[in-house]
Structures are given as structure tokens and as C-alpha cells.
2 protein chains.
Amino acid sequence: MTNEPAIEMTAPPDVYQQRRARLAAAIRRPLVIFAGHAPARNYSTNPHPFRAGSSYLYFGGPPLENAALLIEPRSDGDNGCTLLRPPMGPDDPLWFGEVPSDEALSEAAGLRRDGVADSDRLGALLAGRQAASVVPPYPDTLAWAAQLGLAKADDDELLAIIHQRLIKDEHELAAMRQAAEICMEGHRAALAATGRGQREADVAAAFLAVLVANGCEPSFNPIITVRGEVLHGQGYPNLMPNGALLLCDAGPEEPGGYASDITRTWPVSGKWTPIQRHLYNTTLRALKEATAACAPGRRYRDVHDLSARVICEGLVEAELLRGDPAELAARIAHALFYPHGVGHLIGLDAHDMEDFGDLAGYAAGRTRRPEFGNKSLRLDRDLQPGMAVTIEPGIYLVPAIWARDDLVKPLADVVNRPKVDALLKDHIGGIRLEDTICVRDTGGPEVLSEALPTDADAVAACVGVSR
Amino acid sequence: MTNEPAIEMTAPPDVYQQRRARLAAAIRRPLVIFAGHAPARNYSTNPHPFRAGSSYLYFGGPPLENAALLIEPRSDGDNGCTLLRPPMGPDDPLWFGEVPSDEALSEAAGLRRDGVADSDRLGALLAGRQAASVVPPYPDTLAWAAQLGLAKADDDELLAIIHQRLIKDEHELAAMRQAAEICMEGHRAALAATGRGQREADVAAAFLAVLVANGCEPSFNPIITVRGEVLHGQGYPNLMPNGALLLCDAGPEEPGGYASDITRTWPVSGKWTPIQRHLYNTTLRALKEATAACAPGRRYRDVHDLSARVICEGLVEAELLRGDPAELAARIAHALFYPHGVGHLIGLDAHDMEDFGDLAGYAAGRTRRPEFGNKSLRLDRDLQPGMAVTIEPGIYLVPAIWARDDLVKPLADVVNRPKVDALLKDHIGGIRLEDTICVRDTGGPEVLSEALPTDADAVAACVGVSR
């Protein structure tokens, strides 16, 4: 078994060449895009699994630690690129196995035959020229870039990357569909495990086992909890009481790095209470209406505001809010129950390109609105065909919100506080529904997670049922 | 469910007080021991699970990101300690849930009531004094320590930590026994899954599901592979051919952070070939004899050399080496098949305190021997009661070794190369057996993983058998 290891690549070589040629034509100084390394878990020689930087992967970098792509500015259609890969020590094959040959690397990435070099030559290749960098947030890589004196990529350089990564091509979509398939299998396993185990950890184990069996890592730490009102909760410490709702927001990244991100919420017992069912169906209506609104040209912020109005309608029906739903949404009353944005970009990152800040999520000239709830919206671009986003409305009863006079008092006239307090006492927790979608020219968006049920009865029927 | 979250602590408060008092008496300047933070997976807001630094945990730091313990030098038996915890933003409880109160923190950690402070006060508390630091290798923590101008702890300061952490007390041993129990359950699940699945990933999924269901993270990336000869292989990409051996070197850390590390090797088919069985039984004899040798006062390097001699005996019996086993071991001929050390310290790190380099693993005045094989021994101290170590001999057929003239030629006179080449062609791969043990005063060491079979027939009988 001394055969060369397979090189996992999402796209064929010519696609990487085209992506790099477009980038090379848009920049005016060399750009180094780093792969990064596996960061330490608790001591330096005990790393987390390696995950190459997303821009590095996008432009054809093979998954090698401490590698980098050097893109030269040029306008002749050539992709002007050198792959810097770490030189190998004599004992490395013993500890880490064979690594791909330079020939195999250049072929997979669509580089010229002389387009692979030892990473310690990067300084010489730059030859003292001004150069920019995209550096994943790993300590050794940050130190390497600093030592080379590389500037951070400026907004124009980042936008040249962002505008390519924003629109997913057929290879990327195929990878995202595969990630969604595995994600849905994980959710089905989680639904089945809910009936067997008594603890969140049992459900998390079932979900993660599906990912590992499919060669995947989680694209983010799975949220699998009966305390769905804690939006970024960690760990699975709780028992699952019979009347509780379990919120499962989790997804894999497939071996090429493309993420899936799906949320479902279900009753631990398989039976909805009337108020649970109503709040769930309200969330589901928001999901469906917001998804249907994702047409080319539509402003994503309007999709968020639409979801907010639907949530307000349901809260009025439940007598938690009083008044006209549109007016309530305009006063951002929903944020007391729905304090986050309707979704985000998704691709090689679960929150795609979030490391570039709002330069990725917000179109030129647009900035975040400052109000509680609104300020958490991660995306405000006009949708285009090929954009992949999540749609994930929710309803939560968060004690930490209802303890805040600054949030509650201005809306006291429209809130039915006794009813809110009763639900807080009931530990309704949180409900969220999330699909990953891709905007299409016509016929509405492609819902990558369409095969996973959302209908309240259909979901409840899966609880405790093995496939 | 607005109750305060539980604080996971391994020892009672007075034990942490005693550990800190001993440390306070041994240092001459303030020492800051940082908790660290969860490093980024691919973008800054998408972290890996948080794992607090091991020394921080050992001295009673509650598991809080971006916290630190400030230990003041003093000789009055007081533990002179302040816990610096990050101040909370108004929206934090919404996103991250409740955090423990300062009262709960000081109680759990055995601090004075005024012993908890905002982390942004650390600079003021140091008041310009010279101070030392122990910093886990996470980028934000490194930057924080650098910004405060803290020196790295010197060898004397590190040794004051090392000498405490070297000897495990009853609380630590209880945690390590719990980790071993979960680890053994994982191995049993892996053995069972080997018969059901066709891919390494199926076995890895079964192992990891047991960890997650028990609230554990892996203490290192599990090695679960039919290519056991790649010592630090990653991922689970291979099919498991019927005649192959599966090597499973994997362990959890329990919620307090204490690691388990156990290796078993078994035939995928449940049936050993004669040569597999012989090499396995040789490895097993090395495991047993090396384990039995772990008595107080015994030099760990001698335990390694003993294991090397036993391996040489078995290789001579198999006609892979020729000559007297003791002489072969003296020429380090075993390293062609057994190129690593017999084990390492274990505790809060799977390789305990490896971030301190050989200051932890090697006694004063001792250094690594330079030869291939010998140079990979991570530990050379005289064993003492309470020291926890692994014993993990192995036999591998590594193509990358047999391609190296510098390693093979000097031993050509004692190697049966045709037989080696035949086994290389047969893809024997690698065999390793590893137990976690704790040295005791009398009666031989405690083998924490004793309940997991090592007998060749007993192991094979578990393949494909659900519990």
C-alpha cells in the first residue's frame, strides 16, 4: 500500500485555473493565500483535525498543512500561480505516511509543472516586492505571514475573492448537495435516537456518528439541546425532559470543505403541546415564506423583515404580542422572541467568508442596522442566481431577554407579559427551522435540505423511529 | 431552567488550595497561568470546542475561556491566588447562556471571596512587577500575554509545576479510571463495528459515538486504521480488507480533562494468520513484561530497553532478524520494526506536559539518546508511586523505513531481507498494544485498561460481536 494518497479536490483543474486567472487579473500586487495548519488542542503536538483555509481551497490549494498559494497579478489569462508546500523531513513518511508528489499536486490543482515549490522559498519568490496576504487565524500561519512582512489584503483584493466565492458553480453545488444529504441522514439519526436515549449526548452521538462514518467533520460545533433559547450553547449536558423541545442545529462539511447547516426542532416525546405546535407552525410559515421570497434581485434584508412580520403574526395569534403585525415588526417587537437574523451566506464556511467581516455579507454602501435583533443580521445583499444562503427563523423564550428593561420596557404596551411569564415558567426553550438554499434564475430557490420533513406531524412521527 | 450552570471540577476546593500553596511557596515572582480559548476551525467566529490549558485546570481554574490564574509568591501556606475571568457583555447570556457567579467560582476553586476579578484588571494587579506566565498555544492568549509583557516561565518555575503534576493524587486517578472505562467501552464498540462495516470510518464512528454519549471529547485524534505502520495517520479513508489488521489507538478525555490512551490491534476478519498471531503475541509479551517492570525506582528508559529486547526475541523467532536478541537490541535493530518509544507520561494531557518539552519527560541531567528509535523515547525518569504512564510497544512493517539505506545498511548482516520484503508485500501494516498504568508502591502497577482483553483469541472473539 505504498500507492500515492488521493488528493481530495472539489473541482477539475481547469476550473481552478479559471478562478485564479480571474483573481490574477483583478489584483495589482502578489497575493499569498495561506492554507494554515491544525491548531493545538491543549499542547502544541496534539492538534485538532486540520482544516485548510477556505479561500486557499477555493483557488485550488490541495489540503496540505503549512502550504500557500502565491498568485501573481497578470492579465494574460494565465493563472500565474505557485503552490508552496512544506519540504519533507526524512522521518516524515514514517510518522505521517506518503505525501502526494509535486506532479500529482500540480495536476490536481491545474498548475504548471514548475508551479510547485518548497515553502521556505516563498520569501525568495516575493523578492522584496510588496505583497498582500489572506491568512487563516492559526498562530503559526499568522507568525509566518508576519515574518515575511506581508500586508493584509485590502478591501479591493478581498472583494476580488468575495465576488467569485459569492456565486457557487456546479462543482460547489454538487459538494453542497452531498453535504446536505449527509446532514439529513444525521438529522434522521438524531430524530431516531431521541426516542431511545434520555440525554442530549445520546442524540449528539447519533448525529456525529453519521458524520464520521461519511468521512466528514462537523462544519461547526453542533447545537443539540433542550435549551434552544441559548443561541450558541455548547456541549450536551442535559437530560431531555418528556415535555421539552429538542433543537438540533448541526451540519457536516464534506471532505472538500463545503458546509451544510440545517436546523430542525422536535418534541422529545413525539407529541406537540398546543402552544408548541402553534409557535412551531409560525416558525415554519416564516421559513416557507422567506424561502419563497429568495428570488434574484430580492434584497436579503427584506427577506429578513418578511420573516419578522410572519413571526409577529404568529405571536399576535398566540396573544403574546398585541397589535398589527406589520407595525409590531417595524418596532422590532419580534426581536424579543426572534433576536437573530434570518440567515447567512454558506459555502466553504458555514458562515461563508465571515472572516472578511461585513465586506462579504453586506453590499457596498450597506451597513448593519443598530437595533437589537436587526444588528445580528449577517447578510444584506441583493440575491443573485448561484448565491447559497440559509433561511433560519426562530422563536425563543429567553430569560436573559425578559430580564432586560432596556429591551422590554419600550415594548411594554404591546407585550402580554403574564402569558410570556407563563411560557418562561414552562421552559418552552427555543424553536428554529433552517434550510440551506441556493438562489436560481426561475422557479424559486433550490432547497438543498428539502427531503428532511418540516411539517409538524411529519417531524414528530420520526421521533424514536429507526430507519 | 435559569439555574446556574454546574462547574466541572475534578478535586475538592481544599486540594486546589494545597496545590496552589505549594506552587506559591516555590516561586519568587507572580505567575500567570492562562486558560486559553477555543481556537478557530476555519474562521475566527467558528471555534473548535474549548479545552482549557492543563496547568490552569490542575491548579483549580474553572473551565472559562480567556480566564487566568494569578499565583502570588508566598510562604505562609496561603494559596495567594486570583482568578481572572472575562467580563460579560450585556448580550452574552442570550448567546452563551448563564455563566457561574463569582461566588460559585470562588467556592468551586477554593479561592477567597475577593479572589475573582475581571480579566481586564490583570495588568493593574501585576502593577508593573516582573511576572512569569504559562500560556497554552492559542493565538489570542499568546497575544494577551505578549501585550502584558509577561516572561515565559523559566525552568525552575516549570519544574515547580511539573513535580506536582507528575504524581497523580486520588482525585486525578479517579478521573483517569473514569476516562479508561469510557475508553474501553469505545474499544468494545469499535471491535463490534469491525464486523458490521467495511470501512475504517464505520469503526471510527462507533468509537466516537461512545465518547460523545459520555460527554467526552477525544484526548487526541483517534488513529483507527488498517495502515497501522503510519504512526500518526489521520482520517479514516480506507476500506478494511478481510486479511488486514485494524489498529485502534484512541481515547477520550473525561469532562475534567483527564486523558485515556489505549491501543488494541485486531484482525478485521476475526481470524489471525500465523505470522500476524506471532507478531501480535510478541507485542503482547513486550507489553506484559514492560508493564510488570514498572516498579518504583525503576528507570523508564530501562523499561523501554526491556521491551526492545522482547521485540527482538520475537523477531528472531519469526526469522526476521538473526542473532542474539540482547545484542540485536543493543544495536537498536528492533527500531527497524519498532521505531518509537515504549510510552509517555499521561494525565491532563495524553502526552502529559509535553508542551514543557523534555523538562517534563526527562529527569535532570538526562537527555535523549540520538539513535533512530531511541531518540523517540518521550520519557526517562525513575518511576515513582503515583506516576501515570503508557506502555505501548509495537511491531510495524514500514515501507518508508525499508527504503532508507541509512537505516537498513548498518544492520544488513542481521536482517532477513527476503522475509521482510514478503511481509511488506503482504501489507502486515502495524501492531501496537497500549495500556495506561499507574505506578504503585507494591504489587505491581495498576493497569487502568486491564478489563479490555489483550489475549489474541479473546480479542479476535470480540470482532463483530455486539455487547
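Residues numbered from 1 in each chain as written. Chains lettered and ligands numbered in written order. Predicted model: local features only at pLDDT ≥ 70, side-chain atom pairs only at ≥ 80, totals over all residues.

A count of helical and extended segments in chain A gives 17 helices and 16 strands. A compact globule built from 467 residues would reach a C-alpha radius of gyration of about 23 Å, and chain A, at 24 Å, matches this within 12%. Going through the 467 residues of chain A one by one, you find that 54% of them count as buried. Sequence-distant contacts, at least 24 apart, represent 72% of the contacts inside chain A between residues at least 6 apart. (Helix = DSSP H or I, 4+ residues; strand = E, 2+ residues; numbered from the N terminus. Rg over C-alpha atoms; globule rule 2.2 N^0.38 Å. Buried ≥ 20, exposed ≤ 12 C-beta atoms within 10 Å, placed from the backbone. Contact = placed C-beta atoms within 7 Å.)

By definition, the strands of a sheet pair up through backbone hydrogen bonds, in either a parallel or an antiparallel sense. Residue and element names in this part refer to chain A. Spatially, β8-β9-β11 is the arrangement adopted by the 3 strands of the open sheet, whose pairing is antiparallel. Among the strands making up the open sheet, the edge pair consists of β8 (223–225) and β11 (262–267). Within the sheet, the average angular offset between the axes of one strand and its neighbour, ignoring direction, is 10°. Pairing of β8 with strand β9 (residues 245–250) involves 3 bridges; the strand directions are antiparallel. By the bridge assignment for β9, Ile224 is matched with Cys248. (Pairing = 2+ DSSP bridges. Axes fitted to C-alpha atoms, helices over the stretch in contact; angles between N-to-C directions.)

Another aspect to go through is the confidence of the model for chain A. Detailed reading of the predicted coordinates is not advisable wherever pLDDT falls low. Summarising the model, chain A shows a mean pLDDT of 95, and 99% of its residues fall at 70 or more. As a predicted assembly, this complex carries a pTM of 0.96 together with an ipTM value of 0.95. (pLDDT = per-residue confidence, 0-100.)

All names here are of chain A. Of the two faces of strand β1 (residues 31–34), both are covered, the one formed by Leu31 and Ile33 as well as the one formed by Val32 and Phe34. Examined bridge by bridge, β1 and strand β5 (residues 132–134) share 3 bridges and lie parallel to one another. Bridging from a neighbouring strand, Leu31 pairs with Ala132 of β5. The pairing of β1 with strand β2 (residues 68–71) spans 4 bridges and is classified as antiparallel. When the sheet's bridge partners are listed, Val32 is paired in β2 with Leu70.

Residue and element names in this part refer to chain B. Contact geometry for helix α10 (residues 274–292) and helix α11 (residues 300–317): axes closest at 9 Å, N-to-C directions at 155°. Between α10 and α11, the angle is such that the two are roughly antiparallel. In this structure, α10 crosses over α11, and the sense of that crossing is right-handed. Where α10 abuts α11, its residues His278, Leu279, Thr282, Arg285, Ala286, Glu289 and Ala290 lie against Val303, Leu306, Ser307, Val310, Ile311, Gly314 and Glu317. (Parallel < 35°, antiparallel > 145°, perpendicular 65-115°, else oblique. Left-handed = near helix turned anticlockwise from the far one by under 90°.)

Contacts between the two partners involve 55 residues from chain A and, on the opposite side, 54 residues from chain B. Secondary-structure elements contributing two or more residues to the side of chain A that touches chain B are α3 (92–96), α6 (139–147), α9 (200–213) and α14 (399–402) of chain A. For the side of chain A that touches chain B, the element with the most residues is α9 of chain A, which contributes 9 residues. Taken together, the residues that form the side of chain A that touches chain B break down as 32 nonpolar, 16 polar and 7 charged. (Nonpolar A, V, L, I, M, F, W, Y, C, P; charged D, E, K, R; others polar.)

The next subject is helix α4 (residues 102–109) of chain A. All names here are of chain A. Within the sequence span of α4, burial applies to Leu105, Ser106 and Ala109. Burial along α4 is one-sided: seen end-on, the buried residues are contained in an arc of 95°. Packed against the buried residues of α4 are α1 (13–26), β3 (81–85) and β4 (116–118). Residue Gly110 follows α4 closely and has a positive phi angle near 70°. (Arc of directions from axis to C-beta.)

With respect to the secondary-structure elements, Glu185 of chain B resides in helix α8 (residues 170–196). Between the C-alpha atom of Glu185 of chain B and that of Val210 of chain B, which follows or precedes it by 25 residues, the distance is 6.9 Å.

On to the packing of helix α8 (residues 170–196) of chain A against α9 of chain A, then. Residues and elements named next belong to chain A. One can describe the packing of α8 onto α9 by two numbers: an axis separation of 8 Å at closest approach and a directional angle of 150°. Here α8 is positioned roughly antiparallel relative to α9, judged by the angle of their axes. Handedness of the crossing formed by α8 with α9: right-handed. Between α8 and α9, the contacting residues are Ile182, Glu185, Gly186, Ala189, Ala190, Ala192, Ala193, Thr194 and Arg196 on the first element and Asp202, Val203, Ala206, Phe207, Val210 and Leu211 on the second. Class assignment for the residues of the contact of α8 with α9 results in 10 nonpolar, 2 polar and 3 charged.

This part is about the relation of the copies chain A and chain B. Aligned on chain B, chain A shows an RMSD of 0.0 Å; the corresponding rotation is 180° and the shift along the axis is 0.0 Å. On this basis, the relationship between the two copies can be described by a two-fold rotation axis. Most of the interface of chain A is mirrored in chain B, where 98% of its interface residues are also at the interface. (Least-squares fit on C-alpha atoms with pLDDT ≥ 70 in both.)

Moving on: the domain arrangement of chain A. Residues and elements named next belong to chain A. Along its sequence, chain A is carved into domain 1 (13–166) and domain 2 (170–462). The gap between the C-alpha centroids of domain 1 and domain 2 is 34 Å. Taken together, the contact between domain 1 and domain 2 spans 12 residues of the former and 12 residues of the latter. Among the secondary structure elements, those contributing two or more residues to the side of domain 1 that touches domain 2 are α2 (54–58) and α7 (155–166). For the side of domain 1 that touches domain 2, the element with the highest residue contribution is α7, accounting for 6 residues. (Domains from an automatic or database assignment.)

Residues and elements named next belong to chain A. Among the 6 residues in β11, 6 count as buried, and that is most of the element. What you see with β11 is no split at all: Ile262, Arg264 and Trp266 on one side and Thr263, Thr265 and Pro267 on the other are buried throughout. In this sheet, β11 lies alongside β9 in antiparallel orientation, the contact comprising 6 bridges. Looking across to β11, one finds that Asp249 is bridged to Thr263.

In a regular helix each residue adds 1.5 Å, so 19 residues correspond to 27 Å; helix α10 (residues 274–292) of chain A covers 27 Å between its end C-alpha atoms and thus fits that length. Looking at α10 of chain A, one finds that the buried residues are Gln276, Leu279, Tyr280, Thr282, Thr283, Leu284, Ala286, Leu287, Ala290 and Thr291 of chain A. (Expected span 1.5 Å × (residues − 1).)

Ala209 of chain A together with Ala209 of chain B are the most contacted members of the largest nonpolar core, which has 286 residues in total. With near-sequence residues (within four places) excluded, Ala209 of chain B lies in contact with Ala205, Ala206, Leu208 and Ala209 of chain A. (Core = buried A, V, L, I, M, F, W, Y, C linked by C-beta atoms within 7 Å.)

Residues and elements named next belong to chain B. Strands sit in the order β12-β15-β16 across an open sheet of 3 strands; the sheet is antiparallel. Across the chains shown, the open sheet's two edge strands, defined by having one partner strand only, are β12 (388–391) and β16 (446–447). Where β12 and strand β15 (residues 435–438) come together, 4 bridges link them in antiparallel fashion. Bridged to Thr390 within β15 is Thr436.

Here we come to unusual backbone geometry. Residues and elements named next belong to chain A. Here the phi dihedral of Ala127 falls at roughly 50°; this positive angle occurs in a residue that is not glycine. Mapped onto the fold, Ala127 is located in the loop between α5 (122–126) and β5. With phi around 60°, Glu319 is a residue other than glycine that occupies positive phi space. Note that Glu319 resides in the loop between α11 (300–317) and α12 (325–330).

This next bit is on the environment of Leu397 of chain B. Residue and element names in this part refer to chain B. Considering the arrangement of structural elements, one finds Leu397 in the loop between β13 (394–396) and α14 (399–402). Among the residues examined, Leu397 registers 24 C-beta atoms within 10 Å and is labelled buried. Sequence separation between Leu397 and Glu254 is 143 residues; the distance between their C-alpha atoms is 34 Å. Beyond its immediate sequence surroundings of up to four residues, Leu397 is in contact with Glu229, Leu423, Leu424, Ile428 and Gly429.

Let us now look at the environment of His340 of chain A. All names here are of chain A. Residue position: His340 is located in the loop between α12 and α13 (358–361). You can call His340 buried: it has 22 C-beta atoms within 10 Å. In contact with His340, not counting residues within four places along its chain, are Leu231, Ser376 and Gly394.

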